Amino acid sequence: MLKQLSKFERTSKVLILGFVALMAVSLVLFFRPGGGTSALEPTKSSEVIASVGGDDITLGEFATQKQNIQQQFSRFGGQISLSQMGYSDDKILDGLIQRKIAVQEARRLGLEASPVEINDRIRKTFSDTAGKLTLLDASGKLDMAKYEQRVGDVAAFERGVAEDIAHDKLEAFVAASVRVSEEDVQSEFKKKNTSFDLTYVIVSASKVAEKIQPTDDELKAYFEQHKTDYNILVPQKKIRYLFIDQDKSGQKLQITDKELHDEYDNLDPKYKQAGVKVQQIVLKVARPDLDASVKAKADTLVAKARAGGETISEDAFADLAKGNSEDPATAKDGGRVNGVVKKDPSKPTDPYQQVLEMQPGEITDAISYKNAYYVLRRGDSVPKTFENAKPELLVSLRNRRGYTVAQKIAQKAQDRLKETKDPQKVAQEFAAEANMNAADMVRETPFIKPGDDVPNIGNSQQFEGAVAPLNNPNDVGERTGIKNGFAIPMLVEQRQPRIPEFDEVKDKVRLAVKAEKAKTQLEQKARDIVAAAKSPGELKAAVEKAGLETKAEANYKLATPLGEAGSSVLIDDPLFAAKAGDVLQPIFLNQNYLVIGVNKKTDADLTEYAKQRDTLMQQALTDRKNQVFGDYLTSVMTRMKQSGSIKIYQDVLDTVAEEEPQAVPPRRPQLPITK
């Protein structure tokens, strides 16, 4: 299909950024982060995971989509659990099913992509800013090798492009009649841009419970009424275990400079970078009404900097910065920022992080950040010398070797404990080698059962797995990784399932009684506070009298979290209707009551709305169309599932269930850790 591209007329200077973003998700990737050791890579599997109206979704498609999403999140650092981020396997599969449905619906309605549309879309994707196709060789012909290098399987890629076009055409067809009213858009603008200075209190059951002191008679009466709630349905085990501390085991290790040099030499070159140099132009926004004019100036500077191409020299940018930047600390030095910029996933909104994804000499668009517009130039990378990397290398190598040493000691201690059945004796034998005090090596749990939070260990499936086979006193389990090291468990005593005595569960009963009483008092406590506070100024005294604590929030805007209380329309609607000086009636939210006093209310600036009107109207229309189209696909999917046109093979889906990160060491990040 693309072979015809070189015959097409050159297009105008247009780059479809939305399509590029979409393709970043849908292109086939073949690298799996933290790949396993299975013989067959899931992304290459042709096994069918679902059938949609006769069209199959393969395990390979599902696994690829799943790791694409994983990679998007992993850009922010750390191990991400997709399920915790709301991306369950079912949700990911539903997305693929809806994509198939969209293609089928487009086919049914005659909205499929034509060859010309496919060629045009591909050309625009791989054209530079001047509209020139970047896949041509020196003679101006299509370079198929370059094309394949960019997209992988050409046929699969072009099918994906055709599906994207059909999807877009169907969305345009379905949402063609969607309209939004200016009244609704302006109302939404007012809500989002009205700000409040608040005093508030969260009346929580846990805080109220702290002040409740039930008597022993109340506790016993509650226990008698709820005995079955405390039934112990599985055996409880008391465990004595040997603990081998990973850190202490590693402290005795001697690591030479040669070993550290070898570690440094073996690092990937990208991890030998200390960071990148950055130059900046800062234009300050003195007042909100000046925002548009300041942005226009920033955009002009960006255009001027890019007049000669995508990159600009350090000296040329320095001249721009000296004449325009309003940051006195850097403007006099050509906008050069002191130090280097390093990757920091904890600062996703920091404009300096954007330069790390750029090439030397490239500049950003104008970035709005903290009452200013920034134009940033990415400079050269700054190498990390061995001496600079040495502390990180030492920590990393010692941690890895400490883990290995502790593991070997634990294995030997396990063998000896199985022979002697004497934890104290074994601890004394290995204390010196483990670099520990023998008394610190022997630990004992209370009576525990699966799911309990074990002192010094927590809720550990690994520890539970090692304890499960132990059924007779002095049975010794296998060494297992726990927090900070290894444990070798030995059973001391086992209690069979039973109804416990009151004294065994007295602490749990006390917590239950306090929580129950607190729930009954919660709403009245909140109403008492409102009754005692006729104004926000009186709220603090009323809250302190109730034994609670007020919090303050300046410049609060609706639909954003209000501290630990969270966000909800339950807050937004009454707060937007309030005026300065009001104390709102208690709001029940997330099992707590929220009492809010409005110190100040600043209405939205409608002159700013007038400036942004066209953009806001278009964004509202786009959002509404997306909602309508999403509802359309969901309704079709529901109907097809009910009719049996969609079949999901759960046994296949279960084979790619997300693996959660292990809780065992190493705990510290290993090199490379340069940010």
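Here, every reference points to the structure presented above.
Residues numbered from 1 in each chain as written. Predicted model: local features only at pLDDT ≥ 70, side-chain atom pairs only at ≥ 80, totals over all residues. Heavy atoms only, no water.

Trainee: Is there a simple way to think about the overall build of the protein in this case?
Mentor: On a plain count of helices and strands, the protein comes out with 23 helices and 14 strands. In the protein, buried positions account for 39% of the 675 residues. For the protein, the proportion of contacts with a sequence separation of at least 24, taken over those separated by at least 6, is 72%. Total accessible area on the protein stands at roughly 37,200 Å², and carbon and sulfur atoms take up 49% of it. (Helix = DSSP H or I, 4+ residues; strand = E, 2+ residues; numbered from the N terminus. Buried < 20%, exposed > 50% of the residue type's maximum accessible area, 1.4 Å probe, protein only. Contact = heavy atoms within 4.5 Å. Areas by Shrake-Rupley, 256 points an atom, 1.4 Å probe, with all protein chains shown as cover.)

Trainee: Please explain the side chain of Ser-127 as it appears in this structure.
Mentor: Note on placement: Ser-127 falls in the loop between helix H4 (115-125) and helix H5 (144-151). Its relative accessible area of 7% is what places Ser-127 among the buried residues. Side-chain polar atoms of Ser-127 contact the backbone oxygen of Arg-123, separated by 2.4 Å. (Polar contact = N/O pair within 3.5 Å; in protein donor to acceptor, adjacent residues only side chain to side chain.)

Trainee: How do you make sense of the pairing of strand E5 (residues 273-284) when you look at a structure like this?
Mentor: Side-chain positions along a regular strand alternate between the two faces of the sheet. In terms of burial, E5 is a largely internal element, 9 of the 12 residues being buried. Relative to strand E7 (residues 372-383), E5 runs antiparallel, the two sharing 10 bridges. Bridging from a neighbouring strand, Val-276 pairs with Ser-381 of E7. (Pairing = 2+ DSSP bridges.)

Trainee: Would you take a moment to explain the packing of helix H11 (residues 257-265) against helix H15 (residues 386-420) for this structure?
Mentor: A pair of packed helices is characterised by two quantities: the angle between their axes and the separation of those axes. Packing of H11 against H15 leaves a shortest axis separation of 9 Å and a crossing angle of 100 degrees. Taken as axis vectors, H11 and H15 run roughly perpendicular relative to one another. Taken together, the residues of H15 that come into contact with H11 (itself represented by Asp-257, Glu-259, Leu-260, His-261, Glu-263 and Tyr-264) are Phe-386, Ala-389, Lys-390, Leu-393, Leu-394, Leu-397, Arg-400 and Arg-401. (Axes fitted to C-alpha atoms, helices over the stretch in contact; angles between N-to-C directions. Parallel < 35°, antiparallel > 145°, perpendicular 65-115°, else oblique.)

Trainee: Can you walk me through the packing of aromatic side chains in this structure?
Mentor: When we look at a pair of aromatic rings, we describe it by the centre distance and by the angle of the planes. With the rule as written, the count across this model stands at 12 aromatic pairs. Joined through ring pairs, the aromatic side chains of Phe-126, Tyr-147 and Phe-157 make up one cluster. Over the ring of Phe-447 we find Arg-495; its NZ or CZ atom is 3.8 Å from the centre of that ring. Sitting over the face of the ring of Phe-576, Lys-601 holds its NZ or CZ atom 5.3 Å from the ring centroid. (Phe/Tyr/Trp six-rings, centres within 6.5 Å; stacked < 30°, edge-to-face > 60°. Lys NZ or Arg CZ within 6 Å of the ring centre and 35° of its normal.)

Trainee: How should the sheet that holds strand E10 (residues 485-495) be read in this particular structure?
Mentor: Pairing between the strands of a sheet comes from backbone hydrogen bonds, and it takes one of two forms, parallel or antiparallel. Ordered in space as E8-E4-E10-E9, the 4 strands form an open sheet in which the pairing is antiparallel. Taken across any chain shown, the strands that pair with only one partner, and hence form the sheet edges, are strand E8 (442-444) and strand E9 (480-482). Averaged over all adjacent pairs, the angle separating strand axes in this sheet is 40 degrees, with direction ignored. When strand E4 (residues 236-245) meets E8, the two strands line up antiparallel, connected through 3 bridges. Along E8, the bridge assignment pairs Tyr-241 with Arg-443. Here H15 sits on the sheet and contacts E4 and E10; the angle it forms with E10, its principal contact strand, is near 30 degrees. Along the sheet, helix H16 (residues 423-434) contacts E4, E8 and E10; its crossing angle with E4, the most-contacted strand, is approximately 25 degrees.

Trainee: Just checking my understanding: could you explain the sheet that holds E7 for this structure?
Mentor: Pairing is antiparallel across the open sheet formed by 3 strands, whose spatial order is E5-E7-E6. The sheet is open, and its two borders are formed by E5 and strand E6 (367-368), each paired with just one other strand. Two strands pair when backbone bridges link them, and E6 and E7 are joined in this way by 2 bridges, in the antiparallel orientation. Each bridged residue has a counterpart across the sheet, and for Ser-368 the counterpart in E7 is Tyr-373.

Trainee: Before we go on, may I ask you to explain the pattern of salt bridges in this structure?
Mentor: Opposite charge on two side chains makes pairing possible when the charged atoms of those side chains draw close. In this structure the tally under the stated criterion is 33 salt bridges. The partner of Arg-99 in a salt bridge is Glu-163, and the shortest N-O contact between them spans 3.3 Å. Of this pair, Arg-99 sits in helix H3 (residues 89-108) while Glu-163 sits in helix H6 (residues 154-174), placing them 64 residues apart in sequence. Accessibility expressed as a relative area gives 24% for Glu-163, which makes it partly exposed. Here Asp-120 and Lys-124 are joined by a salt bridge, their closest N and O atoms 3.1 Å apart. Highlighted residues: Asp-120 and Lys-124, both in helix H4, separated by 4 residues, approximately one helical turn. Among the charged side chains, a salt-bridge network with shared partners connects Glu-314, Asp-315, Asp-333 and Arg-336. (Salt bridge = Lys/Arg side-chain N within 4 Å of Asp/Glu carboxyl O.)

Trainee: Can you help me understand the nonpolar core in this one?
Mentor: Ile-239, Tyr-241, Leu-242, Ile-244, Met-441, Phe-463 and Ile-488 are the most contacted members of the largest nonpolar core, which totals 32 residues. Counting only elements with at least two residues in this core, the list comes to E4, H15, H16, helix H17 (438-441), helix H18 (461-467) and E10. Leaving out residues up to four positions away in the same chain, Ile-244 has contacts with Ser-249, Ala-406, Ile-409, Ala-410, Ala-434, Met-436, Met-441, Asn-484, Gly-485, Phe-486 and Ile-488. (Core = buried A, V, L, I, M, F, W, Y, C linked by side-chain atoms within 4.5 Å.)

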